[in-house]
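Residue-level structural notes
Now for the letters of each chain:
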Amino acid sequence: MFKYLEPGKIFSITSKAPKYVLFLFIIILSIGLTEALVLSPEDYKQSHSVRIMYVHVPAAWISLGIFSSMTLLSVIGYIFKIKNFFLISKSLAPSGLVFNIIALVTGSIWGKPTWGTWWAWDARITSMLILSLFFVMYLVAWRIYENNDKIFKVTTIITILGIINVPIIKYSVDWWNTLHQPASINILSKSSIHTSMLFPLIIMTAAFALFSLLIFLMKYNTELIKIKNKGLDRL
Amino acid sequence: MINELLFMNGYGLYVWSAFSFTLFSFLVLFLITKIQYTKEKNKFVSKLGSLNSERAAIAKSQSINKAILSNTSNI
(Lines give C-alpha, C1' and ligand atoms only; values in the text may rest on other atoms or scores of the structure.)
Protein backbone atom coordinates (compact mmCIF):
# COMPACT_ATOMS: atom_id res chain seq x y z
CA MET A 1 0.00 0.00 0.00
CA PHE A 2 2.69 2.49 1.07
CA LYS A 3 4.78 1.92 -2.06
CA TYR A 4 2.03 3.76 -3.98
CA LEU A 5 2.64 6.85 -1.81
CA GLU A 6 6.25 7.26 -3.01
CA PRO A 7 6.68 10.51 -5.03
CA GLY A 8 7.90 8.51 -8.06
CA LYS A 9 4.80 6.28 -8.01
CA ILE A 10 2.49 9.26 -7.43
CA PHE A 11 4.06 11.14 -10.35
CA SER A 12 3.89 8.15 -12.69
CA ILE A 13 0.12 8.02 -12.02
CA THR A 14 -0.62 11.78 -11.95
CA SER A 15 1.44 12.40 -15.12
CA LYS A 16 -0.48 9.82 -17.15
CA ALA A 17 -3.96 10.68 -15.83
CA PRO A 18 -4.48 14.19 -17.41
CA LYS A 19 -4.88 12.96 -21.01
CA TYR A 20 -7.62 10.51 -19.96
CA VAL A 21 -9.32 13.15 -17.79
CA LEU A 22 -9.16 15.65 -20.68
CA PHE A 23 -10.73 13.11 -23.05
CA LEU A 24 -13.54 12.33 -20.58
CA PHE A 25 -14.05 16.05 -19.86
CA ILE A 26 -14.54 16.87 -23.57
CA ILE A 27 -17.13 14.09 -23.94
CA ILE A 28 -19.08 15.01 -20.78
CA LEU A 29 -18.89 18.76 -21.57
CA SER A 30 -20.23 18.16 -25.11
CA ILE A 31 -23.20 16.20 -23.71
CA GLY A 32 -23.72 18.85 -21.01
CA LEU A 33 -23.66 21.77 -23.48
CA THR A 34 -26.12 20.02 -25.81
CA GLU A 35 -28.45 19.35 -22.88
CA ALA A 36 -28.06 22.84 -21.39
CA LEU A 37 -28.36 24.90 -24.59
CA VAL A 38 -30.63 22.78 -26.82
CA LEU A 39 -32.51 19.95 -25.12
CA SER A 40 -33.47 21.35 -21.71
CA PRO A 41 -36.77 23.28 -21.52
CA GLU A 42 -37.08 27.01 -20.93
CA ASP A 43 -38.43 28.20 -17.57
CA TYR A 44 -42.05 29.42 -17.40
CA LYS A 45 -40.92 32.59 -15.55
CA GLN A 46 -37.30 33.19 -16.61
CA SER A 47 -37.64 31.83 -20.16
CA HIS A 48 -34.27 30.97 -21.79
CA SER A 49 -32.23 33.01 -19.29
CA VAL A 50 -32.54 30.01 -16.94
CA ARG A 51 -29.88 28.27 -19.08
CA ILE A 52 -27.23 30.44 -17.38
CA MET A 53 -27.92 28.28 -14.29
CA TYR A 54 -26.08 25.38 -16.00
CA VAL A 55 -22.75 27.23 -15.77
CA HIS A 56 -23.42 29.49 -12.76
CA VAL A 57 -24.53 26.86 -10.22
CA PRO A 58 -21.86 24.17 -10.95
CA ALA A 59 -19.13 26.85 -10.85
CA ALA A 60 -20.34 28.06 -7.43
CA TRP A 61 -20.62 24.50 -6.07
CA ILE A 62 -17.14 23.50 -7.27
CA SER A 63 -15.47 26.67 -5.94
CA LEU A 64 -17.07 26.12 -2.51
CA GLY A 65 -16.07 22.44 -2.57
CA ILE A 66 -12.50 23.31 -3.52
CA PHE A 67 -12.12 25.90 -0.75
CA SER A 68 -13.54 23.46 1.83
CA SER A 69 -11.10 20.76 0.63
CA MET A 70 -8.20 23.24 0.77
CA THR A 71 -9.08 24.09 4.39
CA LEU A 72 -9.35 20.43 5.41
CA LEU A 73 -6.03 19.58 3.72
CA SER A 74 -4.26 22.61 5.23
CA VAL A 75 -5.50 21.93 8.76
CA ILE A 76 -4.67 18.19 8.65
CA GLY A 77 -1.36 18.97 6.92
CA TYR A 78 -0.46 21.53 9.58
CA ILE A 79 -1.42 19.31 12.54
CA PHE A 80 0.31 16.16 11.23
CA LYS A 81 3.09 18.00 9.34
CA ILE A 82 2.20 16.47 5.96
CA LYS A 83 3.76 18.75 3.32
CA ASN A 84 2.12 16.85 0.47
CA PHE A 85 -1.32 18.03 1.70
CA PHE A 86 -0.17 21.65 1.28
CA LEU A 87 1.01 20.82 -2.23
CA ILE A 88 -2.42 19.32 -3.06
CA SER A 89 -4.15 22.35 -1.53
CA LYS A 90 -1.94 24.77 -3.50
CA SER A 91 -2.66 22.84 -6.73
CA LEU A 92 -6.42 23.09 -6.14
CA ALA A 93 -6.46 26.86 -5.57
CA PRO A 94 -6.16 28.19 -9.19
CA SER A 95 -9.19 26.25 -10.45
CA GLY A 96 -11.11 27.22 -7.28
CA LEU A 97 -10.46 30.90 -7.98
CA VAL A 98 -11.44 30.59 -11.66
CA PHE A 99 -14.70 28.80 -10.76
CA ASN A 100 -15.42 31.50 -8.20
CA ILE A 101 -14.90 34.23 -10.83
CA ILE A 102 -17.11 32.31 -13.30
CA ALA A 103 -19.88 32.08 -10.65
CA LEU A 104 -19.65 35.84 -10.00
CA VAL A 105 -19.54 36.90 -13.67
CA THR A 106 -22.26 34.52 -14.90
CA GLY A 107 -24.37 35.49 -11.86
CA SER A 108 -23.97 39.11 -12.84
CA ILE A 109 -24.97 38.35 -16.45
CA TRP A 110 -28.00 36.39 -15.17
CA GLY A 111 -28.89 39.23 -12.81
CA LYS A 112 -29.41 41.79 -15.57
CA PRO A 113 -32.45 40.14 -17.29
CA THR A 114 -33.95 38.73 -14.06
CA TRP A 115 -33.35 41.47 -11.45
CA GLY A 116 -32.70 44.39 -13.81
CA THR A 117 -29.21 45.01 -12.45
CA TRP A 118 -25.72 43.62 -13.07
CA TRP A 119 -24.75 43.79 -9.39
CA ALA A 120 -26.33 44.08 -5.96
CA TRP A 121 -24.54 44.15 -2.63
CA ASP A 122 -26.73 41.43 -1.19
CA ALA A 123 -25.55 38.75 1.24
CA ARG A 124 -25.03 35.86 -1.23
CA ILE A 125 -23.21 37.87 -3.90
CA THR A 126 -21.06 39.80 -1.43
CA SER A 127 -20.06 36.65 0.48
CA MET A 128 -19.07 34.98 -2.83
CA LEU A 129 -16.94 38.04 -3.65
CA ILE A 130 -15.29 37.75 -0.21
CA LEU A 131 -14.50 34.07 -0.94
CA SER A 132 -12.73 35.09 -4.15
CA LEU A 133 -10.60 37.49 -2.06
CA PHE A 134 -9.60 34.58 0.20
CA PHE A 135 -8.57 32.56 -2.89
CA VAL A 136 -6.47 35.54 -4.05
CA MET A 137 -4.92 35.99 -0.57
CA TYR A 138 -4.06 32.27 -0.47
CA LEU A 139 -2.34 32.36 -3.88
CA VAL A 140 -0.54 35.64 -3.10
CA ALA A 141 0.70 34.15 0.21
CA TRP A 142 2.31 31.27 -1.71
CA ARG A 143 4.05 33.82 -3.97
CA ILE A 144 5.33 35.88 -1.05
CA TYR A 145 6.35 33.11 1.38
CA GLU A 146 7.17 30.31 -1.13
CA ASN A 147 10.68 29.68 0.25
CA ASN A 148 9.82 30.45 3.85
CA ASP A 149 8.77 28.09 6.67
CA LYS A 150 5.97 30.53 7.53
CA ILE A 151 4.04 29.50 4.41
CA PHE A 152 2.28 26.52 6.03
CA LYS A 153 1.10 28.61 8.98
CA VAL A 154 0.03 31.59 6.85
CA THR A 155 -1.94 29.55 4.29
CA THR A 156 -3.62 27.49 7.03
CA ILE A 157 -4.74 30.69 8.80
CA ILE A 158 -6.10 32.09 5.50
CA THR A 159 -8.13 28.94 4.81
CA ILE A 160 -9.48 28.80 8.40
CA LEU A 161 -10.60 32.45 8.20
CA GLY A 162 -12.05 31.84 4.72
CA ILE A 163 -14.01 28.73 5.74
CA ILE A 164 -16.05 30.85 8.21
CA ASN A 165 -17.48 32.50 5.09
CA VAL A 166 -18.62 29.19 3.49
CA PRO A 167 -21.68 28.54 5.74
CA ILE A 168 -22.52 32.26 5.39
CA ILE A 169 -22.60 31.79 1.58
CA LYS A 170 -24.72 28.64 1.92
CA TYR A 171 -27.31 30.02 4.35
CA SER A 172 -27.24 33.71 3.36
CA VAL A 173 -30.39 33.27 1.26
CA ASP A 174 -32.23 31.82 4.28
CA TRP A 175 -30.85 34.15 6.98
CA TRP A 176 -31.31 37.43 5.12
CA ASN A 177 -33.74 38.91 2.66
CA THR A 178 -31.73 38.77 -0.58
CA LEU A 179 -32.29 39.26 -4.29
CA HIS A 180 -30.79 35.81 -4.81
CA GLN A 181 -33.30 32.98 -4.92
CA PRO A 182 -33.20 30.23 -2.23
CA ALA A 183 -31.62 26.84 -3.03
CA SER A 184 -33.65 24.74 -5.49
CA ILE A 185 -31.70 21.57 -4.77
CA ASN A 186 -31.68 19.94 -1.34
CA ILE A 187 -29.88 16.71 -0.57
CA LEU A 188 -31.91 15.99 2.56
CA SER A 189 -35.35 17.07 1.32
CA LYS A 190 -37.28 17.15 -1.96
CA SER A 191 -35.72 19.45 -4.60
CA SER A 192 -37.96 22.03 -6.27
CA ILE A 193 -36.18 21.67 -9.65
CA HIS A 194 -37.73 19.51 -12.39
CA THR A 195 -35.75 16.44 -13.55
CA SER A 196 -35.57 17.86 -17.10
CA MET A 197 -33.45 20.70 -15.65
CA LEU A 198 -31.74 18.64 -12.94
CA PHE A 199 -30.20 16.22 -15.47
CA PRO A 200 -28.24 18.85 -17.48
CA LEU A 201 -27.23 20.50 -14.20
CA ILE A 202 -25.74 17.22 -12.95
CA ILE A 203 -23.96 16.60 -16.29
CA MET A 204 -22.48 20.13 -16.29
CA THR A 205 -21.40 19.71 -12.65
CA ALA A 206 -19.63 16.47 -13.59
CA ALA A 207 -17.90 18.24 -16.52
CA PHE A 208 -16.77 21.10 -14.26
CA ALA A 209 -15.52 18.64 -11.63
CA LEU A 210 -13.51 16.83 -14.32
CA PHE A 211 -12.03 20.12 -15.48
CA SER A 212 -10.95 21.02 -11.93
CA LEU A 213 -9.43 17.52 -11.61
CA LEU A 214 -7.54 18.06 -14.89
CA ILE A 215 -6.13 21.42 -13.76
CA PHE A 216 -5.31 20.00 -10.33
CA LEU A 217 -3.33 17.10 -11.85
CA MET A 218 -1.41 19.39 -14.22
CA LYS A 219 -0.66 21.87 -11.43
CA TYR A 220 0.33 19.11 -8.98
CA ASN A 221 2.75 17.62 -11.53
CA THR A 222 4.22 21.10 -12.12
CA GLU A 223 4.74 21.54 -8.35
CA LEU A 224 6.44 18.12 -8.07
CA ILE A 225 8.83 18.98 -10.93
CA LYS A 226 9.48 22.40 -9.32
CA ILE A 227 10.55 20.61 -6.10
CA LYS A 228 12.80 18.27 -8.07
CA ASN A 229 14.34 21.29 -9.84
CA LYS A 230 15.25 22.74 -6.43
CA GLY A 231 16.67 19.32 -5.48
CA LEU A 232 18.90 19.32 -8.58
CA ASP A 233 20.24 22.74 -7.57
CA ARG A 234 21.40 21.22 -4.29
CA LEU A 235 23.11 18.21 -5.93
CA MET B 1 -34.57 26.46 -35.07
CA ILE B 2 -31.16 28.15 -35.52
CA ASN B 3 -32.71 31.58 -34.88
CA GLU B 4 -34.38 30.33 -31.70
CA LEU B 5 -31.07 28.83 -30.53
CA LEU B 6 -29.22 32.09 -31.23
CA PHE B 7 -31.75 34.67 -29.98
CA MET B 8 -33.56 32.65 -27.28
CA ASN B 9 -36.55 35.01 -26.99
CA GLY B 10 -34.25 37.99 -26.51
CA TYR B 11 -32.07 36.30 -23.87
CA GLY B 12 -29.50 34.96 -26.37
CA LEU B 13 -26.95 37.68 -25.67
CA TYR B 14 -26.99 36.93 -21.92
CA VAL B 15 -26.95 33.13 -22.29
CA TRP B 16 -24.25 33.03 -24.96
CA SER B 17 -22.04 35.54 -23.18
CA ALA B 18 -22.26 33.52 -19.91
CA PHE B 19 -21.33 30.26 -21.69
CA SER B 20 -18.61 31.98 -23.79
CA PHE B 21 -17.04 33.54 -20.69
CA THR B 22 -17.01 30.14 -18.93
CA LEU B 23 -15.42 28.31 -21.86
CA PHE B 24 -12.91 31.13 -22.46
CA SER B 25 -11.90 31.01 -18.75
CA PHE B 26 -11.41 27.23 -19.04
CA LEU B 27 -9.22 27.68 -22.11
CA VAL B 28 -7.08 30.40 -20.50
CA LEU B 29 -6.59 28.42 -17.26
CA PHE B 30 -5.73 25.25 -19.23
CA LEU B 31 -3.18 27.08 -21.41
CA ILE B 32 -1.53 28.89 -18.47
CA THR B 33 -1.24 25.61 -16.50
CA LYS B 34 0.12 23.79 -19.55
CA ILE B 35 2.72 26.51 -20.23
CA GLN B 36 3.86 26.41 -16.56
CA TYR B 37 4.15 22.62 -16.70
CA THR B 38 6.16 22.64 -19.94
CA LYS B 39 8.43 25.40 -18.60
CA GLU B 40 9.25 23.49 -15.38
CA LYS B 41 9.79 20.25 -17.28
CA ASN B 42 12.16 21.89 -19.78
CA LYS B 43 14.03 23.49 -16.86
CA PHE B 44 14.35 20.05 -15.25
CA VAL B 45 15.70 18.44 -18.42
CA SER B 46 18.20 21.27 -19.00
CA LYS B 47 19.39 21.20 -15.34
CA LEU B 48 19.83 17.43 -15.51
CA GLY B 49 21.80 17.84 -18.74
CA SER B 50 24.16 20.36 -17.13
CA LEU B 51 25.13 17.99 -14.27
CA ASN B 52 28.38 16.02 -14.47
CA SER B 53 28.05 12.30 -15.21
CA GLU B 54 28.38 11.19 -11.56
CA ARG B 55 25.69 13.60 -10.28
CA ALA B 56 23.45 12.92 -13.29
CA ALA B 57 23.64 9.19 -12.52
CA ILE B 58 22.60 9.85 -8.89
CA ALA B 59 19.71 12.07 -10.04
CA LYS B 60 18.56 9.58 -12.70
CA SER B 61 18.53 6.74 -10.17
CA GLN B 62 15.67 8.39 -8.23
CA SER B 63 12.27 6.98 -9.20
CA ILE B 64 10.48 10.34 -9.54
CA ASN B 65 13.24 11.72 -11.81
CA LYS B 66 12.95 8.62 -13.97
CA ALA B 67 9.17 9.14 -14.09
CA ILE B 68 9.56 12.81 -15.10
CA LEU B 69 12.03 11.91 -17.86
CA SER B 70 9.94 9.02 -19.15
CA ASN B 71 6.79 11.14 -19.35
CA THR B 72 6.96 12.74 -22.77
CA SER B 73 3.37 14.00 -22.79
CA ASN B 74 2.86 17.76 -22.39
CA ILE B 75 -0.20 17.37 -20.18
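Anyway, here's the lowdown on the structure attached to this text. Since this is a predicted model, take the numbers as computed values, not measurements.

Attention shifts here to the packing of helix 2 (residues 17-39) of chain A against helix 2 (residues 12-50) of chain B. Between helix 2 of chain A and helix 2 of chain B, the least distance of the axes is 13 Å, while the angle of their chain directions is 175°. Between helix 2 of chain A and helix 2 of chain B, the interaxial angle falls into the category roughly antiparallel. Side by side, helix 2 of chain A and helix 2 of chain B meet where L22(A), F25(A), L29(A), L33(A), A36(A) and L37(A) of the first sit next to V15(B), W16(B), F19(B), L23(B), F26(B) and F30(B) of the second. Per-class residue counts for the contact of helix 2 of chain A with helix 2 of chain B are 12 nonpolar, no polar and no charged.

With that settled, the discussion passes to the packing of aromatic side chains. All names here are of chain A. Inspection of the entire model under this criterion finds 14 aromatic pairs over all chains. Taken together, a centroid distance of 5.3 Å and an interplanar angle of 45° make the contact between F25 and F211 tilted. A residue pair is termed long-range when its members are at least 10 positions apart, and F25 in helix 2 and F211 in helix 8 (residues 195-234) qualify at 186 residues. Neither F25 nor F211 differs from the other in exposure class; each is buried. Over the face of the ring belonging to Y78 we find K81, whose NZ or CZ atom lies 4.7 Å from the ring centre. Of note, K170 hangs over the ring of Y171, and the distance from its end group to the ring centre comes to 5.2 Å.

The next subject is the side chain of E223(A). Residue and element names in this part refer to chain A. Here E223 lies in helix 8. Classification of E223 by relative accessible area gives buried; the value is 3%. One polar contact links E223 to K90, side chain to side chain, over a distance of 2.9 Å. Other than its neighbours up to four places away in sequence, E223 contacts L87, K90 and S91.

Quick notes on the rules
- Residues numbered from 1 in each chain as written.
- Chains lettered and ligands numbered in written order.
- Predicted model: local features only at pLDDT ≥ 70, side-chain atom pairs only at ≥ 80, totals over all residues.
- Heavy atoms only, no water.
- Axes fitted to C-alpha atoms, helices over the stretch in contact; angles between N-to-C directions.
- Helix = DSSP H or I, 4+ residues; strand = E, 2+ residues; numbered from the N terminus.
- Parallel < 35°, antiparallel > 145°, perpendicular 65-115°, else oblique.
- Contact = heavy atoms within 4.5 Å.
- Nonpolar A, V, L, I, M, F, W, Y, C, P; charged D, E, K, R; others polar.
- Phe/Tyr/Trp six-rings, centres within 6.5 Å; stacked < 30°, edge-to-face > 60°.
- Buried < 20%, exposed > 50% of the residue type's maximum accessible area, 1.4 Å probe, protein only.
- Lys NZ or Arg CZ within 6 Å of the ring centre and 35° of its normal.
- Polar contact = N/O pair within 3.5 Å; in protein donor to acceptor, adjacent residues only side chain to side chain.

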